[in-house]
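The primary structure of each chain is shown beneath.
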Amino acid sequence: MKIYPVIIALLSLLITSCASYKESQSVVDRLTFENDTPLEDIPYKSFHIIALETKEECLLRDVLEVRPYLSYLYVLDRIGDLFIFDLNGKYINQVGKKGNAPDEYIKLSSFFIDKENQCIAIIDDVKNKIYNYDLTGNHISTRSVAPSIKYSTYSVRTKEGDILFNYLINFGVNQAYSIMDRANYNKNTFLKSYKPIQVKNYLYGFSSHPISENTDGNISFIMPLCDTIFGYSNKDYYPKYVVDTPSKMVERKLFKTNTTDKGKTYSSMILKYGNDGFFTGFTGIFETDKHILLKYKYKGVVSGFYLVNKENLKGYYYICNIPKNPIKLPIINIIGSNDYEFIDVFNASDLIHLYNDINKNNNRAVLSEFKKVIKDLDEESNPCLIFYRFE
């Protein structure tokens, strides 16, 4: 009789998570949280700032993503240009060029780091090609791929050498993830669908960073309006964690948005249900050796994140904001991670103003780190990367 509560608890876990019965055959860890309301004071252990060099050939707009690898930082800006900087922020090269020449791409749909072959690959879903470059951005080769990569927006190379793709929520077959075989780039197998979520006559990207890799190269990914973190292994996936949320998750079946009319698009519905008190899912996943960070929108609009310790599976929900009288550097927009740190980005002008505000409060420990870079910045400088480490 003593086993009945355990069975009931396991069944409850499988039913309440967004994983289907077929997906939930393995034991799933539950990630809990300690606070009833989101916290504003984020207790990181330390930080350091890297100012990205400003030159005519590498003027950055909004930075969308940073992927560190070896002694390089691969920086993607919002218009789809990929730049390489070293770990001190010195500019090295741009990866590829846009154009119609054989070695040029029309659209950078996504990119990934090929650690096995020590190269960088750019995916172009217009030309249906993969462009390979060495680690400093020099073109090596070009290869045709299956046209089914259309609408792909994020990619990683798996430990097995295959390519895992994430897609925009789309009005085609509406695939969320697919896996391309390393031995046959014309073989692209759909792995998971966005259904019952649907859109019509438009595309929607629920996340700019839906996939994470840990220090061992293991891959996890998220889905929209979903409390489950999925693990990936050898052309298959499984529920890895179920995340406790501070309020009830809005139902996915409500998001059959068949129009672009105001108030009925995916983003406007996120805002509506968030304002109504529902949790509207996670919008990004990042990982270090000790922590998982999940981005979300508080009340459907305010940026925040959930940070959980991988050892005790306990975490906290936070809101990202800049206080009126800051005494330390806030976390605003995580866009990358390495083995030990999460990476934020600040425009130079915002960082200068923040330095002046913190200087008024005379926080010497914070100011000493600021002074290493602030003297060389002006309002037109490239953005700066902030590397945060947690206990």
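The preceding data block contains the structure.
Starting from 1, residues in each chain are numbered consecutively following that chain's sequence as written. At least 70 in pLDDT is required for a residue's local features to be given in this predicted model, at least 80 for side-chain atom pairs to be given and counted, and no such filter applies to totals for whole chains, interfaces and linings, which use all residues. Side-chain numbers come from the whole structure's heavy atoms, not from hydrogens or water.

Our next topic: the environment of Asn170. Comment: elements are numbered from the N terminus, with helices defined as DSSP H or I runs of at least four residues and strands as E runs of at least two. Its location among the elements puts Asn170 in the loop between β12 (163-167) and β13 (175-181). Of the residues examined, Asn170 reaches a relative accessible area of 2% and is grouped as buried. The contact rule is simple, with two residues in contact once any of their heavy atoms fall within 4.5 Å. Non-local contacts of Asn170, meaning those with residues more than four positions away in its chain, are made with Tyr151, Gln175, Val199 and Leu203. Of the polar contacts made by the side chain of Asn170, one reaches the backbone oxygen of Leu168; its length is 2.8 Å. Remark: exposure states derive from per-residue accessible area (1.4 Å probe, protein chains only) relative to the maximum for the residue type, with buried under 20%, exposed over 50%, and partly exposed in between. We call two N or O atoms a polar contact when they sit within 3.5 Å, provided that within protein one can donate a hydrogen and the other can accept it, with sequence-adjacent residues counted only if both atoms are side-chain atoms.

Before going further, it helps to spend a moment on the environment of Lys314. When you line up the elements, Lys314 lands in strand β24 (residues 314-319). Considering only alpha carbons, one finds Lys314 and Asn333, 19 residues apart in sequence, at a separation of 22 Å. If we ignore the near neighbours within four places in the chain, the residues touching Lys314 are Thr32, Glu34, Leu307, Val308 and Asn309.

So, on to the nonpolar core. By convention a nonpolar core is built from buried Ala, Val, Leu, Ile, Met, Phe, Trp, Tyr and Cys residues, the set being connected through side-chain atoms within 4.5 Å. Core analysis: the largest hydrophobic core is formed by 45 residues, its most contacted members being Leu164, Tyr177, Ile229, Phe255, Tyr266, Phe282 and Leu294. Beyond its immediate chain neighbours, meaning those up to four positions away, Phe255 contacts Pro196, Ile197, Gln198, Leu225, Val250, Tyr266, Met269, Ile270 and Tyr273. Core analysis: the next-biggest nonpolar cluster, separate from the first, contains 30 residues, Leu293, Leu351, Ile358 and Leu367 among them.

Attention now moves to the layout of surface pockets. Lining residues are those with an atom within 4 Å of a point, where the points come from a 1 Å grid over the protein atoms alone and group into cavities, where a 1.4 Å probe fits but cannot get out, or pockets, open sets with protein on both sides within 12 Å along at least five of seven lines. Grid points are joined across faces, edges and corners, and a volume is the space filled by probe spheres set on the points. In this model, the second largest pocket occupies a volume close to 630 Å³. Around the second largest pocket sit 29 residues that line it, and Pro68, Ile113, Lys115, Glu213 and Asn214 are the ones nearest its centre. With 5 residues, the top contributor of residues to the lining of the second largest pocket is strand β3 (residues 63-69). Each residue gets one label: Ala, Val, Leu, Ile, Met, Phe, Trp, Tyr, Cys and Pro are nonpolar, Asp, Glu, Lys and Arg are charged, and the others, such as Gly, are polar. Its residues placed into classes, the lining of the second largest pocket shows 8 nonpolar, 10 polar and 11 charged.

Right, let's get into a negative patch on the surface. A surface patch of negative charge is lined by Asp350, Asp378, Glu379 and Glu380. Examined against the element boundaries, Glu380 turns out to sit in the loop between α4 (364-374) and β27 (384-389). Only residues whose relative accessible area exceeds 30% and that form no salt bridge are eligible for patches; like-charged ones are grouped when within 9 Å, while nonpolar side chains (Val, Leu, Ile, Met, Phe, Trp, Tyr) are grouped when within 5 Å. Note on areas: Shrake-Rupley with a 1.4 Å probe; residue coverage comes only from the protein chains shown. Between Lys or Arg on one side and Asp or Glu on the other, a salt bridge is scored when a side-chain nitrogen of the former is within 4 Å of a carboxyl oxygen of the latter. Here Asp and Glu are counted as negative and Lys and Arg as positive; His is not counted, and neither are the chain ends. Charged groups are reduced to one reference atom each: NZ for lysine, CZ for arginine, CG for aspartic acid, CD for glutamic acid.

Further remarks concern the packing of aromatic side chains. In this analysis, rings of Phe, Tyr and Trp, with Trp reduced to its six-membered ring, are considered paired at centre separations within 6.5 Å, and the interplanar angle assigns stacked below 30 degrees, edge-to-face beyond 60, and tilted for intermediate values. For the structure shown, the criterion picks out 28 aromatic pairs. With a centroid separation of 5.2 Å and 85° between ring planes, the pair formed by Phe33 and Tyr317 is classed as edge-to-face. Of the two residues, Phe33 sits in strand β1 (residues 29-33) while Tyr317 sits in strand β24, which places them 284 residues apart along the sequence. Under the relative-accessibility criterion, Phe33 is labelled partly exposed at 23%. Since its relative accessible area comes to 1%, Tyr317 is described here as buried. Taking 5.9 Å as the distance between ring centres and 80° as the angle between the ring planes, the aromatic pair formed by Tyr273 and Phe278 counts as edge-to-face. Over a ring means this: the NZ of a Lys or the CZ of an Arg is within 6 Å of the ring centre and within 35 degrees of the ring normal. Positioned above the aromatic ring of Phe111, the side-chain terminus of Arg67 is 4.4 Å from the ring centre.

Taken as a whole, this structure holds 18 salt bridges when the rule is applied. The partner of Asp244 in a salt bridge is Arg30, with the nearest N and O atoms 2.5 Å apart. Of the two residues, Asp244 is situated in the loop between β19 (236-243) and β20 (256-257) and Arg30 in strand β1; the sequence distance between them amounts to 214 residues. Take Arg30: its relative accessible area is 31%, and that puts it in the partly exposed class. Here Asp62 and Arg78 are joined by a salt bridge, their closest N and O atoms 3.8 Å apart. Taken as a pair, Asp62 in the loop between β2 (46-51) and β3 and Arg78 in the loop between β4 (72-77) and β5 (82-86) lie far apart in primary sequence, 16 residues in all. Accessibility expressed as a relative area gives 41% for Asp62, which makes it partly exposed.

What follows covers a nonpolar patch on the surface. On the surface, Leu271, Val301 and Val302 cluster together to form a nonpolar patch covering roughly 210 Å² of accessible area. In this structure, Val301 sits in the loop between β22 (291-298) and β23 (302-309).

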